[in-house]
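Spelled out, the chains give:
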Amino acid sequence: MTRLALHSRLIPGTEEAYELEHARVWPELITAMHAAGISDWSIWRSGRDLFHLVVADDFEAAVEYLRNDPTDQRWQQHMSQFVEGFAQNPEGVAGQSLRHVWTMSEQVD
């Protein structure tokens, strides 16, 4: 199981609409995400910046699975009116994950 963080940025002026769209994500998208091996996805917002925490069996495999999923394709097209895109990190998982710095529960004294 992998837990990773992503960063994306909203198009100016879409903050409220983006949150409304996520008040209830399409159930069929959640089904597709589970089929891809994603067990949880949380999003926090600070201004236009979005921070995502994703828990997946294999995030790179999940991204590949969803890339070919018609429901996810429709969702991504729909979200493109709100989101500029995800920050890229060549060293991160799937070229996107943020660099992990610290986790309290993993610290052993």
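Further up the page is the structure itself.
Residues numbered from 1 in each chain as written. Predicted model: local features only at pLDDT ≥ 70, side-chain atom pairs only at ≥ 80, totals over all residues. Heavy atoms only, no water.

### A short note on the overall build of the protein
- Scanning the protein from terminus to terminus reveals four helices and four strands.
- With respect to the principal axes defined by its C-alpha atoms, the protein has extents near 45 × 30 × 25 Å.
- Scored against the burial criterion, the 109 residues of the protein give a buried share of 33%.
- When contacts within the protein are restricted to residue pairs at least 6 apart in sequence, long-range pairs at least 24 apart make up 75% of them.
- For the protein, the exposed surface amounts to about 7200 Å²; the carbon and sulfur share of it is 53%.
- Computing the positive centroid from 8 side-chain charges and the negative centroid from 17, the protein places the two 4 Å apart. (Helix = DSSP H or I, 4+ residues; strand = E, 2+ residues; numbered from the N terminus. Buried < 20%, exposed > 50% of the residue type's maximum accessible area, 1.4 Å probe, protein only. Contact = heavy atoms within 4.5 Å. Areas by Shrake-Rupley, 256 points an atom, 1.4 Å probe, with all protein chains shown as cover. Lys, Arg positive; Asp, Glu negative; His and termini not counted. Charge placed at Lys NZ, Arg CZ, Asp CG, Glu CD.)

### Topic: the pattern of salt bridges
- Applying the stated rule across the entire model yields five salt bridges.
- Note that Arg 9 and Asp 49 form a salt bridge whose closest N and O atoms lie 2.6 Å from each other. Within this pair, whereas Arg 9 is found in strand β1 (residues 2-10), its partner Asp 49 is found in strand β3 (residues 49-56), the two being separated by 40 residues in sequence. (Salt bridge = Lys/Arg side-chain N within 4 Å of Asp/Glu carboxyl O.)

### Examining the sheet that holds β3
- Ordered by their spatial adjacency, four strands build an open sheet running β2-β3-β1-β4, and the pairing between neighbours is antiparallel. On the outer flanks of this sheet lie β2 (38-46) and β4 (83-86), each paired with one strand and no other. Strand-to-strand twist in this sheet, taken as the mean axis angle between neighbours without regard to direction, amounts to 25°.
- Across eight bridges, the pairing between β1 and β3 is antiparallel. (Pairing = 2+ DSSP bridges. Axes fitted to C-alpha atoms, helices over the stretch in contact; angles between N-to-C directions.)

Treat this as a map of the structure, not an account of what it does.
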